[in-house]
Amino acid sequence: MRAEPQSFDRVLSSMCTEPHPAAREAAETFLATNPGDPATYPAIADLEADVVDRLGEITSLADPHGFVASGGTEANIQAVRAARDRSDSRDPNVVAPETVHFSVRKAADVLGVELRTTPVDADYRAEPAAIDAATDADTALIVGVAGSTEYGRVDPIPALGEVATDTGAMLHVDAAWGGFVLPFTDYEWDFAVEAVDTLTIDPHKLGQAAIPAGGLLAREKATVDALAVETPYLESTTQATLTGTRSGAGVASAAAALDALWPEGYRETYERQQALAEWLAGEFEDLGFDVVEPSLPLVAADLDASLFDSLREEGWRVSRTRAGELRIVCMPHVTREMLESFLADVRALQPRAAPAADD
Ligand code: 0PR
């Protein structure tokens, strides 16, 4: 029997999407290459250098250092590791808003650093004063999120930069999801903010590349050098990634997606998906649900638990925030037609006593 992957028809809460056709093809072509051994597989190594340069262009960094990682988790772990190893402290800590992705918790665990999380403001964004209060002389890194996993919020990166500079800590921006839409907004989120040292941006999310393709960028070569270990029996001398052997598929497909879509294709995707998210938020409000307004193409709405369960039973691939709201991530495969069909099910399944239904 030949197994088939599931379709994207009802996938509404994922941060992954169908790869661009050129990205799919490139992934297959480079499937058997290993960018972890660049002296044996130089073609994929060249493509990786190209991807890093392009990601630098997207994030306002003229001379970027970094690599294509297996995903945002590896990129975040390596950012924490570099900060730990560049810090003078014997007992370094990392300070981040409580909305930080759980990969930073994994990083703290495996690297043996303390993670201090701070409350966010009423709009789910990091509070610079709270971050400041949590820092001390042992703070190696402050993390800000540009496109948070649950609400798509962008932390005030310039203000976090001031705190980092005053504290003598490095600043990492996690734009794993938001990085391919933020260039088309007015947010200050990237290396244009002087204090930003490192940044995660994942081609395998809104970049429309095949999995596995994450990205870690650094302003200074010394940051990537801090990660490098010697590779005595390879023809290349050092390796800065956490993974050893790694798939050339992700690297090649990131290069192909960037070729096909940067910048106009990504701009069009952003404009279409953002308009869709705003329309969906209005529809939820009309149905009487509390909505967290979408600042990026992600909508959270307060549907009750039994309605959520019924929608899952209908096959909708939806998930919840920690506070229990339904999240819809308007990834490129999500269309108006899909959402119309989803809303029809919401209406049909909505209990009569739904919030504010008779208002
Ligand atoms: N940083 C942010 C802001 C993220 O949202 C995520 C993943 C990561 C880092 C980690 O990235 P990787 O998963 O590439 O290592 N956010 C999604 C999440 O955990 C990932 C996801 C993707 C979940 C697809 C479901 C899914 O179907 O919710």
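Just so it is clear, the model here is predicted, and its values are computed rather than measured.

S.K.: Report on the site of the ligand, specifying residues and quantitative values.
M.R.: Around the ligand sit 17 residues in total, of which Ser14, Thr73, Thr149, Asp174 and Lys205 are the nearest. Take His204: an N or O atom from its side chain is 2.9 Å from an oxygen atom of the ligand. Here an oxygen atom of the ligand sits 2.8 Å away from a polar atom, N or O, in the side chain of Lys205. Relative to its free-state accessible area of 600 Å², the ligand is covered by the protein chains to the extent of 75%. Elements with a contribution of two residues or more to the shell around the ligand: α3 (72-86) and α4 (102-111). It is α3 that provides the largest number of residues to the shell around the ligand, a total of 3 residues. Of the residues assigned to the shell around the ligand, the class counts are 4 nonpolar, 10 polar and 3 charged.

S.K.: Give a description of the domain arrangement of the chain that names residues and reports values.
M.R.: Under the domain assignment, the chain is made up of domain 1 (21-261) and domain 2 (264-351). Using C-alpha coordinates to define each centre, domain 1 is positioned 28 Å away from domain 2. Together, the buried faces of domain 1 and domain 2 total about 2,100 Å²; carbon and sulfur atoms form 60% of this surface. On the domain 1 side of the interface with domain 2, the three residues burying the most area are Glu150, Tyr151 and Phe184, jointly 31% of the side's total. Between domain 1 and domain 2 we count 1 salt bridge in total.

S.K.: So what's going on with the side chain of Ser89? Residues and values would help.
M.R.: Positionally, Ser89 belongs in the loop between α3 and β2 (93-97). You can call Ser89 buried: its relative accessible area is 15%. A polar contact is formed between the side chain of Ser89 and the side chain of Asp138, at a distance of 2.7 Å.

Cut-offs and rules
Residues numbered from 1 in each chain as written. Predicted model: local features only at pLDDT ≥ 70, side-chain atom pairs only at ≥ 80, totals over all residues. Heavy atoms only, no water. Near = heavy atom within 4 Å. Polar contact = N/O pair within 3.5 Å; in protein donor to acceptor, adjacent residues only side chain to side chain. Areas by Shrake-Rupley, 256 points an atom, 1.4 Å probe, with all protein chains shown as cover. Helix = DSSP H or I, 4+ residues; strand = E, 2+ residues; numbered from the N terminus. Nonpolar A, V, L, I, M, F, W, Y, C, P; charged D, E, K, R; others polar. Domains from an automatic or database assignment. Buried area = accessible area lost by both parts, 1.4 Å probe. Salt bridge = Lys/Arg side-chain N within 4 Å of Asp/Glu carboxyl O. Buried < 20%, exposed > 50% of the residue type's maximum accessible area, 1.4 Å probe, protein only.

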